[in-house]
Every structure is written in structure tokens, then in C-alpha cells.
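# Structural characterization, general
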Amino acid sequence: MAEIEALHGGAQYVTLGIDREVFAVDVDKVREILDARQVSRVPHAPPFMLGMIDVRGRSVPVIDLRVKLGLPATDATEHTRIIVLDIDTRGKTLTMGVLADRVFEVTPLDDHDMEPPPDVGTQWRSDYIRGVGRRGDSFVIVFDLPRLFSSEETALITGPIATAETTTDEG
């Protein structure tokens, strides 16, 4: 992986769109990217939890990132995607799906040039942000995934269903 970083100038991130903003998640945490699909609702779930989907025989909870970030939910479009992530939090690896308005690309961002999250009282919760990178003239907001998924609300939905084995299927 260090060779890839050296060739491309930084760590690799999957960039995604929520509303008019561009966010990023570490490509190493992305299990797969799916087209939007029917989600089975879970009774009494927090508002940001859409429900569950089946991913290769495994039940995976899906979070609506718009709602989690304080934006109104919207209907899915042909660009809407579910990003399935493996997130290390609280000593466990959780497999979670996140609904994004769109997914752009995999791009390098130099961690050394990343700025700390701004504390300007905007609609985005800065405690969910690891840093702000630049891609050309644009800003890319890099999620701090363990913080995004470590709130008490998420603890309600991350029972045995969302817990992944700490070893991968590849070996």
C-alpha cells in the first residue's frame, strides 16, 4: 500500500457527494459500492437508520448520511449508492452501509496537507470530520468513521447483526 501512496501522492479515498458537499472515506474501509436497493425497515430504529439489506448472505444495517449529518432525507435517484464499510470501533469491526447521494471516484489525498476540521458552527458536525483535504480547487471533507459510528444512537443498532468477523473472507 505504501507503494501506491508513493505513486499517487497520498492515501486513497473514495469520494462521495452529500447535498452539495464532497466527502471521502478511506478506500481500505470500503467493502463494496452498491446501487440503491430496497431496505427492510427496523422497528423503533433511530431516524438516521434506514434499515437492513442483504449483502452476500449477511444482514447489513444502512445509515442515511444525509439524516445523520442533519439534512433532510430525499428520494433515491439513479446516482444514489450504498457504500458498504468495515469500520473499526470499540474494539470490533462493524460492517455498515451508508447511503450517499452519489459516488465520484477513488482519489489520492495527502494526509500531510490535510487541514483540521473547521470549527465554524456550520451544519456539518465537525466531530465527525477527520480533516479537510484538497483536490484541485475543491475541498474534500474526510470522515472520521469511528466517530461517525460511535455515538450512543449507533450503539442501539450495532448488535450481533452488524458485527463482522475480525478476519476477512479472503483468509
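The residue numbers shown here count from 1 along each chain, following its written sequence. The predicted origin of the model limits local features to residues at a pLDDT of at least 70 and limits the giving and counting of side-chain atom pairs to 80 or more, whereas totals for whole chains, interfaces and linings rest on all residues. With hydrogens and water excluded, all non-hydrogen atoms of the structure serve as input to the side-chain values.

### Overview of the overall build of the protein chain
The secondary structure content of the protein chain amounts to four helices and eleven strands. Exposure categories follow from relative accessible area, calculated using a 1.4 Å probe and restricted to protein chains: below 20% of the type maximum is buried, above 50% is exposed, and the middle band is partly exposed. Within the protein chain, the fraction of its 171 residues that count as buried is 43%. Two residues form a contact once any of their heavy atoms are found within 4.5 Å. Nonlocal contacts in the protein chain, meaning residues at least 24 apart in sequence, comprise 59% of its contacts between residues at least 6 apart. Under the convention used here, a 1.4 Å probe and the Shrake-Rupley method define accessible areas, while residue burial counts only the protein chains that appear. As presented, the protein chain carries roughly 9,700 Å² of accessible surface, and 49% of it is formed by carbon and sulfur atoms. Here a helix means four or more residues in a row that DSSP labels H or I, a strand means two or more in a row labelled E, and each is numbered from the N terminus.

### Concerning the packing of aromatic side chains
Two aromatic rings, taken as a pair, are described by how far apart their centres are and by the angle between their planes. Aromatic rings from Phe, Tyr and Trp, with only the six-membered ring used for Trp, were paired whenever their centres fell within 6.5 Å, and each pair was classed as stacked if the ring planes differed by under 30 degrees, edge-to-face if by over 60, and tilted otherwise. By the definition in use, this model includes one aromatic pair. Ring geometry for Phe-23 versus Phe-143: centroids 4.6 Å apart, planes at 5°, classification stacked. Pair noted here: Phe-23 is in strand β2 (residues 21–26) and Phe-143 is in strand β10 (residues 138–143), with a separation of 120 residues, a long-range link. Its relative accessible area of 4% is what places Phe-143 among the buried residues. Above the plane of the ring of Phe-48 lies Lys-68, whose end atom (NZ or CZ) is 4.3 Å from the centre. We count a charge as sitting over a ring when the NZ of a lysine or the CZ of an arginine lies within 6 Å of the ring centre and within 35 degrees of the ring normal.

### Regarding the pairing of β2
Only strands that DSSP links by at least two bridges are regarded as paired with each other. Looking at chain direction, strand β1 (residues 11–18) and β2 are connected through six bridges and run antiparallel. Within β2, the position partnered with Val-14 by the bridge is Val-25. From the end of β1 to the start of β2, which pair antiparallel, there are two residues, and Asp-19 there has a positive phi angle of about 60°. Here β2 runs beside β10; their pairing, made up of two bridges, is parallel. Pairing of Ala-24 across the sheet is with Val-142, part of β10.

### Looking at the environment of Asp-86
As for its placement among the helices and strands, Asp-86 is situated in strand β6 (residues 81–89). It is 6.5 Å that separates the C-alpha atoms of Asp-86 and Arg-31, two residues lying 55 residues apart in sequence. With near-sequence residues (within four places) excluded, Asp-86 lies in contact with Lys-29, Arg-31, Thr-93, Leu-94 and Thr-95. One polar contact links Asp-86 to Thr-95, side chain to side chain, over a distance of 2.8 Å. Under this definition, polar contacts are N or O atom pairs within 3.5 Å; protein pairs additionally need one hydrogen-donor-capable and one acceptor-capable atom, and for neighbouring residues in sequence, both atoms have to be side-chain atoms.

### Notes on the nonpolar core
Residue types Ala, Val, Leu, Ile, Met, Phe, Trp, Tyr and Cys, when buried and joined through side-chain atoms within 4.5 Å, form a set referred to as a nonpolar core. Core analysis: the largest hydrophobic core is formed by 27 residues, its most contacted members being Leu-16, Ile-18, Val-25, Leu-85, Phe-143, Leu-145 and Phe-149. Among the elements of the structure, β1, β2, β4 (49–55), β6, β7 (92–100), β10 and α3 (145–148) are those that each provide at least two residues to this core.

### Observations concerning unusual backbone geometry
A positive phi angle, near 60°, is found at Asp-19, a position not held by glycine. Considering the arrangement of structural elements, one finds Asp-19 in the loop between β1 and β2. Given a relative accessible area of 25%, Asp-19 falls into the partly exposed group. Even without a glycine there, the phi angle at Arg-56 is positive, about 55°. In this fold, Arg-56 is placed in the loop between β4 and β5 (58–64).

### A look at the sheet that holds strand β9 (residues 129–135)
The five strands are arranged β8-β1-β2-β10-β9 in an open sheet whose pairing can be described as mixed. Each end of this open sheet is capped by a strand with a single partner; those strands are β8 (102–109) and β9. Neighbour to neighbour, the strand axes of the sheet diverge by 35° on average, direction disregarded. Judged from the six bridges that link them, β9 and β10 form a sheet pairing that is antiparallel. Paired with Arg-134 across the strands is Phe-139, a residue of β10. Angles here are taken between N-to-C directions and fall from 0 to 180 degrees, while the axes themselves are lines fitted to C-alpha atoms, restricted in helices to the stretch in contact.

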